[in-house]
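Per-entry structural report
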Amino acid sequence: MRPDSALFEVNSSVSVELFREAMSRLGAPVTVVATDGPAGRHGLTVSAITSVSDTPPTVLVCLNRSNRSHEAFRGNGVVGISILGHGHDGVAGVFASSRRTSDEKFASGVWRVGRTGAPLLDDAAVTLDCMIEDIRVSGTHDVLFCVVRDIVISERIATGLAWCGRAFHHLPFAPLTAPLAAQDTA
């Protein structure tokens, strides 16, 4: 681990192709991240997301700075994260396309507006309504640290959508505990 105050130039002999192949074998959740506000409504399919802390509830999302929606996320400061499940393969494909307009993307599925103003897929397995707290730069991507303001967990979606080996897979969820089930407002 390097000290925070030190500056290092990172050189790697690992090729981009080899790295991408290695990462294709790492299973990841499939989510749609979306934003709306003064910088416009945008969304894309993302698998680079993970929890950071439960106090306060925080997740991180990695966005390529060359993505056309990147500046909208920075400008709006809100992120709606829709964790996809069974039946959402099509939505994931639409939001992964760089050829589709924002209007075409949001025509796929039924959307609601979260407390922060961020778009959330109404029938997602889980939605996280977030505000961006911090942004860090790493290589070609920005890492957005997002504080979760609201969560909706659906009991109707029994499997999560995962991406591994360049294909979708469905993984079963464990049953909800009674206190969490009462919070489902979808």
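As a reminder, the structure under discussion sits directly above these lines.
Definitions and limits used
- Residues numbered from 1 in each chain as written.
- Predicted model: local features only at pLDDT ≥ 70, side-chain atom pairs only at ≥ 80, totals over all residues.
- Heavy atoms only, no water.
- Core = buried A, V, L, I, M, F, W, Y, C linked by side-chain atoms within 4.5 Å.
- Buried < 20%, exposed > 50% of the residue type's maximum accessible area, 1.4 Å probe, protein only.
- Helix = DSSP H or I, 4+ residues; strand = E, 2+ residues; numbered from the N terminus.
- Contact = heavy atoms within 4.5 Å.
- Phe/Tyr/Trp six-rings, centres within 6.5 Å; stacked < 30°, edge-to-face > 60°.
- Pairing = 2+ DSSP bridges.
- Axes fitted to C-alpha atoms, helices over the stretch in contact; angles between N-to-C directions.

**Regarding the nonpolar core**
- Counting residues in each nonpolar core, the largest one holds 19 residues, and the members touching the most others are Val33, Val61, Leu63, Val79, Ile81, Cys130 and Cys146.
- If one sorts the elements of this core by residue count, strand β9 (residues 126–138) sits on top with 4 residues.
- Look past the residues within four positions of Val61 in its chain and what remains in contact with it is Val33, Val46, Ala48, Ile49, Ile81, Asp142, Val143, Leu144 and Cys146.
- Ala34, Leu84, Val91 and Val94 belong to the second-largest nonpolar core, a separate cluster that totals 13 residues.

**Concerning the packing of aromatic side chains**
- As enumerated under the stated definition, the model contains 4 aromatic pairs in all.
- Ring centres of Phe95 and Trp111 lie 5.3 Å apart, and the angle between their planes is 50 degrees; on these two criteria the pair is classed as tilted. Within this pair, whereas Phe95 is found in helix α3 (residues 89–96), its partner Trp111 is found in strand β7 (residues 111–113), the two being separated by 16 residues in sequence. With respect to class, Phe95 is no different from Trp111; both count as buried.

**So, the pairing of strand β4 (residues 49–54)**
- With 5 bridges connecting them, β4 and strand β5 (residues 57–64) associate as antiparallel partners. Within the sheet, the bridge partner assigned to Asp54 lies in β5 and is Pro57.
- A loop of 2 residues connects β4 with β5, the two strands running antiparallel in sequence.

**Re the sheet that holds strand β10 (residues 141–153)**
- Reading across from one edge, β3-β2-β6-β9-β10-β5-β4 is the order of the 7 strands in this open sheet, with antiparallel pairing throughout. Edge positions in the sheet fall to β3 (42–46) and β4, since each of these pairs with one other strand and no more. Put simply, the sheet's adjacent strands are angled 30 degrees from each other on average, direction ignored.
- Looking at chain direction, strand β2 (residues 31–35) and strand β6 (residues 78–83) are connected through 4 bridges and run antiparallel. Residue pairing across strands places Ala34 opposite Gly80, the latter belonging to β6.
- Those strands touched by α3 are β2 and β3, and its axis lies near 115 degrees from that of β3.

**As for the environment of Ser69**
- In this fold, Ser69 is placed in the loop between β5 and α2 (70–76).
- C-alpha of Ser69 to C-alpha of Ala39: the two residues are 30 residues apart in sequence and 9.3 Å apart in space.
- Contacts of Ser69, omitting those with residues within four sequence positions, involve His42 and Leu44.

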